[in-house]
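Below, each chain spelled out in residue letters.
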Amino acid sequence: MKLFIYHTPELTPTDKVPECAIAVDVLRATTTMATVLAAGGEAVQVFSDLDQLLAVSEKWSGEKRLRAGERGGSKVPGFDLGNSPLDCTPELVQGRRLFISTTNGTRALQRIQDAKAVLAAAFVNRAAVVQYLLEKQPETVWIVGSGWEGSFSLEDTACAGAIAHSVAQQTKLSQDELAGNDEVISAIALYSQWQDNLLELLHLASHGKRLLRLNSDEDLKYCSQTDILDVLPIQQEPGVL
Ligand code: 3SL
């Protein structure tokens, strides 16, 4: 298995697809998706465009659908939810499909949707994603940070490093054997330095600061927890996990 880490979706190669591609948006899209599926959501359907989300979800009854829209960290007016994982309680999401559009996370998933297997990962479900990689042993794996509007996000690369770190530990492969690009080695170093203080890392991150200004302190606490959800968000058909 060779791992490749890309800090943003824009940095992924356009002339090939990997056997497995993993989108990471710790703050907060992939954390929210994992939370919805762990809480009994029927599926998560992702859109980069809000109007397209509204048109497709229109065909579903109000009881079966939940519409989540986020732009700039805030809920889009008229939608049921923004992008806080804390709103996704079992009482609300059980048996319902989440139609979601966020600034960066849903775009990252759409960018990699042609890979043979597509997963969504965050700190909360890191172990389940690693378990999948150990069982399936895909030859090539891309781990793609969602970033923020095309630029690097500290927390996504730290989570990519958490996945790579755990794969290295459990396969006993050296970083040299595992790393397909230099980003893997730097992401493992970043995670290793911060693994016991992930909440502090999220507070340092520019998007973490943006969310703190929006009073989302509890979201940061939740998103900083590692391996708390045994759930594997995996693409069933393009755009649907
Ligand atoms: O950028 C995204 O996709 C979102 O996760 C951003 S936010 O955390 O909802 O603000």
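Structure: above.
Definitions and cut-offs
Residues numbered from 1 in each chain as written. Predicted model: local features only at pLDDT ≥ 70, side-chain atom pairs only at ≥ 80, totals over all residues. Heavy atoms only, no water. Helix = DSSP H or I, 4+ residues; strand = E, 2+ residues; numbered from the N terminus. Rg over C-alpha atoms; globule rule 2.2 N^0.38 Å. Buried < 20%, exposed > 50% of the residue type's maximum accessible area, 1.4 Å probe, protein only. Contact = heavy atoms within 4.5 Å. Areas by Shrake-Rupley, 256 points an atom, 1.4 Å probe, with all protein chains shown as cover. Lys, Arg positive; Asp, Glu negative; His and termini not counted. Charge placed at Lys NZ, Arg CZ, Asp CG, Glu CD. Near = heavy atom within 4 Å. Polar contact = N/O pair within 3.5 Å; in protein donor to acceptor, adjacent residues only side chain to side chain. Nonpolar A, V, L, I, M, F, W, Y, C, P; charged D, E, K, R; others polar. Phe/Tyr/Trp six-rings, centres within 6.5 Å; stacked < 30°, edge-to-face > 60°. Lys NZ or Arg CZ within 6 Å of the ring centre and 35° of its normal. Salt bridge = Lys/Arg side-chain N within 4 Å of Asp/Glu carboxyl O. Axes fitted to C-alpha atoms, helices over the stretch in contact; angles between N-to-C directions. Parallel < 35°, antiparallel > 145°, perpendicular 65-115°, else oblique. Disulfide = S-S within 2.5 Å. Expected span 1.5 Å × (residues − 1). Pairing = 2+ DSSP bridges.

A count of helical and extended segments in the protein gives eleven helices and eight strands. A compact globule built from 241 residues should have a C-alpha radius of gyration of about 18 Å, and the protein, at 17 Å, falls within 12% of that. Counting only C-alpha atoms, the protein reaches 50 × 35 × 30 Å along its principal axes. Going through the 241 residues of the protein one by one, you find that 57% of them count as buried. Of the contacts formed within the protein by residues at least 6 apart in sequence, a portion of 80% connects residues at least 24 apart. Of the roughly 10,200 Å² of accessible surface on the protein, 46% is carried by carbon and sulfur atoms. Of the charged side chains in the protein, 21 are positive and 31 negative, and the gap between their average positions amounts to 4 Å.

The next point concerns the site of the ligand. Taken together, the neighbourhood of the ligand is formed by 14 residues, with Arg28, Asn83, Thr102, Asn104 and Gly105 sitting nearest. Within the side chain of Glu70, a nitrogen or oxygen atom sits 3.5 Å from an oxygen atom of the ligand. Contact between the ligand and Thr102: an oxygen atom at 2.5 Å from a side-chain N or O atom of the residue. Burial of the ligand by the protein amounts to 100% of the accessible area it has alone, namely 290 Å². Of the residues belonging to the shell around the ligand, the class tally is four nonpolar, seven polar and three charged.

Let us now look at the packing of aromatic side chains. Overall, the coordinates contain three aromatic pairs when judged by the stated rule. Cluster of aromatic residues (ring-pair linked, three or more members): Phe47, Trp60 and Phe99. Here the guanidinium or amino end of Arg210 rests over the ring plane of Trp148, the centre of that ring lying 4.0 Å away.

In this structure, Val93 sits in helix 3 (residues 90-93). Given the relative accessible area of 1%, Val93 is considered buried. Sequence separation of Val93 and Lys64 is 29 residues, and the distance between their C-alpha atoms is 9.0 Å.

Below, the discussion takes up the pattern of salt bridges. Oppositely charged side chains are able to pair whenever their charged atoms sit close together. Taken as a whole and assessed by the stated rule, the structure comprises six salt bridges. Between Arg97 and Glu42 there is a salt bridge, with its nearest N and O atoms 3.0 Å apart. A residue pair is termed long-range when its members are at least 10 positions apart, and Arg97 in strand 6 (residues 97-101) and Glu42 in the loop between helix 1 (29-38) and strand 3 (43-46) qualify at 55 residues. Residue Glu42 is classed as partly exposed on the basis of its relative accessible area, which comes to 41%.

As a further point, take the packing of helix 6 (residues 154-171) against helix 8 (residues 182-194). Close contact between helix 6 and helix 8 brings their axes to 7 Å; oriented N to C, the two are set at 95°. Here helix 6 lies roughly perpendicular to helix 8, going by the angle between them. Every residue of helix 8 that contacts helix 6 at Leu154, Thr157, Ala158, Gly161, Ala162, Ala164 and His165 is listed here: Val184, Ala187, Ile188, Leu190, Tyr191 and Ser192.

This paragraph deals with the state of the cysteines. Two cysteines form a disulfide when their sulfur atoms are joined by a covalent bond. Going through the model one piece at a time under the given rule, you end up with zero disulfides. There is no disulfide at Cys20, and the cysteine sulfur nearest it, in Cys159, is 14 Å away. Sulfur of Cys88: no disulfide; nearest cysteine sulfur belongs to Cys223 and is 11 Å away.

Taking 1.5 Å per residue, 18 residues should reach 26 Å; helix 6 reaches 26 Å between its end C-alpha atoms and fits that length. Looking one or two places after helix 6, you find Lys172, whose phi comes out positive at around 65°.

Attention now moves to the sheet that holds strand 1 (residues 2-6). The sheet built from four strands is open, its strands ordered 1-8-2-7 with parallel pairing. The open sheet is flanked by strand 1 and strand 7 (117-121), the only strands paired with a single partner. Along the sheet, successive strands turn relative to each other by an average axial angle of 20°, direction set aside. In the sheet, strand 1 pairs with strand 8 (residues 140-145) via five bridges, with the strands oriented parallel. Note on strand 8: the bridge partner recorded for Lys2 is Thr140.

This part covers the environment of Leu11. Structurally, the position occupied by Leu11 is in the loop between strand 1 and strand 2 (20-24). Given a relative accessible area of 49%, Leu11 falls into the partly exposed group. Distance from Leu11 to Val144, taken between C-alpha atoms, is 8.7 Å for residues 133 residues apart in sequence.

The subject of this paragraph is the side chain of Thr8. As for its position among the elements, Thr8 is in the loop between strand 1 and strand 2. Thr8 has contacts with Val144, Gly145, Gly150, Ser151 and Phe152, leaving out every residue within four places of it along the chain.

None of the figures reported here should be taken as evidence of function without further support.
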